[in-house]
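# Inside the fold
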Amino acid sequence: AQKVTQAQTEISVVEKEDVTLDCVYETRDTTYYLFWYKQPPSGELVFLIRRNSFDEQNEISGRYSWNFQKSTSSFNFTITASQVVDSAVYFCALSRANAGNMLTFGGGTRLMVKP
Amino acid sequence: EPEVTQTPSHQVTQMGQEVILRCVPISNHLYFYWYRQILGQKVEFLVSFYNNEISEKSEIFDDQFSVERPDGSNFTLKIRSTKLEDSAMYFCASRGREQSGNTIYFGEGSWLTVV
């Protein structure tokens, strides 16, 4: 069985602060995919990143960066110099590598960035 | 940029009524999904669909639910006799071929309220 845990249910920061959202996962598969999605107040799910289990290279995209550590089964997400527009619920998700590829979501972390 | 579109964006229905939620996946995608999110909770997998048949379904997806791809573009979720606990946001999603990666793209959701 697969499981994703986002221990932080809610985080509040002041604009320009850096913030890290934690994600820990469980799987018996050797090949899998990890994702982060953003859900702004409007409700849609916006894809942010996909990471393959065999690629542990960290990734940076603008103010966003991701730290994948297979040894600790973690895939953490950092926002540098946070902005009010970053306020949203962020979901970490895990999928198997098979064709069905269903996503198992974590419980989400609500990030509130105050001006 | 291609996107998954869903209709209606919001529907209110009486308990016991049938509801059909419609989705137009990204045009060259082959794998289709329905997920739901009860207010304030995490996103849960309902069903995946490939090659005109269900490839995987969760325990939530009982006999009250059905999916159909009636033509080359639409993908529908039907709830035969709605219950109060079916009130949720329903997300349609799609994924392309393996070569294009395993990213699942979501629509903006259909908010269903059962009264």
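These lines cover the structure that appears in this document, whether it is placed above or below. The model shown is predicted, which means the values in this text are computed figures rather than measured ones.

## Here we look at the overall build of chain B
On a plain count of helices and strands, chain B comes out with 0 helices and 11 strands. Traced from its N-terminal end to its C-terminal end, chain B shows the element sequence β-β-β-β-β-β-β-β-β-β-β. Relative to the compact-globule value of 13 Å for 115 residues, chain B shows a C-alpha radius of gyration of 13 Å, a close match. Across its three principal directions, the C-alpha atoms of chain B cover 45 × 25 × 25 Å. Counting only residues that meet the buried cut, chain B has 46% of its 115 residues in that class. The contacts in chain B between residues at least 6 apart in sequence include a share of 53% that link residues at least 24 apart.

## Considering the packing of aromatic side chains
For the structure shown, the criterion picks out 25 aromatic pairs over all chains. A ring pair is formed by A:Tyr25 and A:Phe68, whose centres lie 6.4 Å apart and whose planes are at 45°; its orientation type is tilted. Residue A:Tyr25 is located in strand 4 (residues 24-26), and its partner A:Phe68 is located in strand 8 (residues 64-69); the two are separated by 43 residues in the primary sequence. The class of A:Phe68 is buried, set by a relative accessible area of 2%. With centroids separated by 5.0 Å and ring planes inclined at 5°, the aromatic side chains of A:Trp66 and A:Phe77 adopt a geometry described as stacked. With a gap of 11 residues between them, A:Trp66 in strand 8 and A:Phe77 in strand 9 (residues 74-79) connect regions that are remote in the sequence. Each member of the aromatic cluster is reached from another via a ring pair, and the members are A:Phe35, A:Tyr37, A:Phe47, A:Phe91, A:Phe105, B:Tyr33, B:Tyr35, B:Phe45, B:Phe91, B:Tyr105 and B:Phe106. Seen from the ring of B:Tyr31, B:Arg95 lies directly overhead, with NZ or CZ sitting 4.0 Å from the centre.

## Comments concerning the pairing of strand 11 (residues 110-114) of chain B
Consecutive side chains of a regular strand alternate in pointing toward one face of the sheet and then the other. All names here are of chain B. Side chains of strand 11 alternate between two faces, with Ser110, Leu112 and Val114 buried and Trp111 and Thr113 left unburied. As judged from the 3 bridges shared by strand 9 (residues 88-95) and strand 11, these two strands associate in the antiparallel manner. Within strand 11, the position partnered with Ala88 by the bridge is Leu112.

Cut-offs used in this document
- Residues numbered from 1 in each chain as written.
- Chains lettered and ligands numbered in written order.
- Predicted model: local features only at pLDDT ≥ 70, side-chain atom pairs only at ≥ 80, totals over all residues.
- Heavy atoms only, no water.
- Helix = DSSP H or I, 4+ residues; strand = E, 2+ residues; numbered from the N terminus.
- Rg over C-alpha atoms; globule rule 2.2 N^0.38 Å.
- Buried < 20%, exposed > 50% of the residue type's maximum accessible area, 1.4 Å probe, protein only.
- Contact = heavy atoms within 4.5 Å.
- Phe/Tyr/Trp six-rings, centres within 6.5 Å; stacked < 30°, edge-to-face > 60°.
- Lys NZ or Arg CZ within 6 Å of the ring centre and 35° of its normal.
- Pairing = 2+ DSSP bridges.

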